[in-house]
Amino acid sequence: MSEFDIDHYRVRPGQKLDLSALDTRDTPFWDPKDKDGGRAHLSELNERLEALQELLWAQGRERVLVVIQAMDAGGKDGTVRHVFEGVNPTGVRVASFKRPTDKELAHDYLWRIHAKVPGNGELVVFNRSHYEDVLVVRVMELVAEKRWRKRYDQIVAFEQMLADEGTTIIKLFLHISKDEQRERLQARLDEPDKNWKFEQGDLVPRARWKQYQEAFEEALSNTSTEDAPWYVIPADRKWYRNLAVSEILIQTLEGLNMTFPKAAEGLEDVVIPE
Ligand code: ATP
Ligand code: MG
């Protein structure tokens, strides 16, 4: 495999995006015919991530937030399942943000989000996030434009505060094509053990695909910063998506140069009693 250059997927601050021009089946850092090799490599990456997460937890100083957004059936759950395989659940948490409850709606949109951010030594994955408040809210016209439009700056300021206070932020957009979504939704209808995942409601965002893509383009462009970058992951091929996400997490965690805490004073004199 060629060196996996994660910057290839990074959205530069203010960069204009045309998602339709980005190939959702692209595999620039792995031979697309070598799917088995890619899968085997993921196991190695799983082990590296496991070791890095242990270090994160042992050191107990850094906080890591991974935000995942995608269209329905975009693979958010599958990504979490495969990328974190083997990682010790202690210190790792997934927070899923569904349609807000009445109580959540009675507060500002960041209220429920801030409550779930990682503490020291923790890695938290957001399955959907505050970005819904400029995506579904925009496309489905749940609040007035002049209100959601201000949220880009508010989100940048919120995330910058988290970063300044010691949180490393990684934001991932799993980019699938409209055809791939159709196949995955069809599979949810056809395969009995996937029926539970099918929701008639998912057809509404599908019908507004173009508006959603525009909402993603603007959100990613306006909120990708040096300290809280967005990455656009080609996600039609699940095995490649998993490799890309793993590499981004691993290379970012390695960049933190974490070390295990020093041994306590006098540890060398300790004798374990018979
Ligand atoms: P799956 O892909 O397995 O279906 P999911 O993430 O789609 O998982 P669901 O419970 O099916 O989970 O959907 C969550 C729904 O909540 C989505 O339709 C999403 O747009 C909606 N939602 C999340 N946050 C908000 C928000 N702030 N305002 C309005 N709707 C929201
Ligand atoms: Mg859903």
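Quick note: structure is the one above.
Residues numbered from 1 in each chain as written. Chains lettered and ligands numbered in written order. Predicted model: local features only at pLDDT ≥ 70, side-chain atom pairs only at ≥ 80, totals over all residues. Heavy atoms only, no water.

Student: Describe in detail the nonpolar core, supporting the description with residues and values.
Tutor: By size, the foremost hydrophobic cluster in this structure holds 74 residues, and its most contacted members are Phe84, Phe126 and Leu172. Leave out the neighbours within four places in its chain, and leucine 172 touches Val66, Val67, Ile68, Gln69, Trp230, Tyr231, Ile233, Val245 and Ile248. (Core = buried A, V, L, I, M, F, W, Y, C linked by side-chain atoms within 4.5 Å. Buried < 20%, exposed > 50% of the residue type's maximum accessible area, 1.4 Å probe, protein only. Contact = heavy atoms within 4.5 Å.)

Student: Any chance you could break down the site of ligand 1 for me, citing the residues and the numbers?
Tutor: In the vicinity of ligand 1 there are 16 residues, among which Lys98, Arg99, Arg128, Glu132 and Glu199 approach most closely. Lysine 76 is positioned such that a nitrogen or oxygen atom in its side chain is 3.1 Å from an oxygen atom of ligand 1. The contact in question runs from an oxygen atom of ligand 1 to an N or O atom on the side chain of aspartate 77, over 3.4 Å. Coverage of ligand 1 by the protein chains reaches 85% of its 630 Å² of free accessible surface. In a pocket analysis with a 2 Å cut-off to the grid points, ligand 1 is assigned to the largest pocket. Those elements giving two or more residues to the shell around ligand 1 turn out to be α2 (76-83) and α5 (136-139). A per-class count over the shell around ligand 1 returns five nonpolar, one polar and ten charged. (Near = heavy atom within 4 Å. Polar contact = N/O pair within 3.5 Å; in protein donor to acceptor, adjacent residues only side chain to side chain. Areas by Shrake-Rupley, 256 points an atom, 1.4 Å probe, with all protein chains shown as cover. 1 Å grid on protein atoms, 1.4 Å probe; cavity = no way out; pocket = protein on both sides within 12 Å on 5 of 7 lines; lining within 4 Å. Sits in = over half its atoms within 2 Å of the grid points. Helix = DSSP H or I, 4+ residues; strand = E, 2+ residues; numbered from the N terminus. Nonpolar A, V, L, I, M, F, W, Y, C, P; charged D, E, K, R; others polar.)

Student: Can you lay out the sheet that holds strand β1 (residues 63-70) for me, pointing to particular residues and giving the numbers?
Tutor: Pairing in this open sheet of five strands is parallel, and the strands run β2-β3-β1-β4-β5 from one edge to the other. Because the sheet does not close on itself, it has two edges, and the strands there are β2 (92-96) and β5 (230-234). Taken pair by pair, the neighbouring strands of this sheet meet at an average axis angle of 20°, ignoring direction. Along the sheet, α2 makes contact with β1, β2, β3 (123-127) and β4 (167-175), crossing β1 at roughly 140°. (Pairing = 2+ DSSP bridges. Axes fitted to C-alpha atoms, helices over the stretch in contact; angles between N-to-C directions.)

Student: Residues and numbers for the layout of surface pockets, please.
Tutor: In this structure, the largest pocket encloses a volume near 1,600 Å³. What lines the largest pocket is a set of 49 residues, among which Asp72, Lys76, Arg128, Glu199 and Asp202 lie closest to the centre. Mapped by element, the contributors of at least two residues to the lining of the largest pocket are α2, α3 (102-105), α5, α8 (178-190), α9 (203-207), α10 (209-223) and α11 (238-254). Considering each element in turn, the lining of the largest pocket owes the most residues, five residues, to α2. A per-class count over the lining of the largest pocket returns 19 nonpolar, eight polar and 22 charged. Space inside the second largest pocket adds up to approximately 290 Å³. Looking at the second largest pocket, it is lined by 16 residues, and the ones nearest its centre are Lys35, Arg39, Lys238, Trp239 and Asn242. Ranked by residues supplied to the lining of the second largest pocket, first place goes to helix α1 (residues 35-59) with six residues. For the lining of the second largest pocket, the residue count by class is four nonpolar, five polar and seven charged. (Points joined across faces, edges and corners; volume = space filled by probe spheres on them.)

Student: Any chance you could break down a nonpolar patch on the surface for me, citing the residues and the numbers?
Tutor: Judged by side-chain polarity, Leu267, Val270 and Ile272 come together as a nonpolar surface patch covering roughly 320 Å² of accessible area. Within the secondary structure, isoleucine 272 is located in the segment after α11. (Patch = residues over 30% accessible without salt bridge, like charges linked within 9 Å, V, L, I, M, F, W, Y side chains within 5 Å. Salt bridge = Lys/Arg side-chain N within 4 Å of Asp/Glu carboxyl O.)

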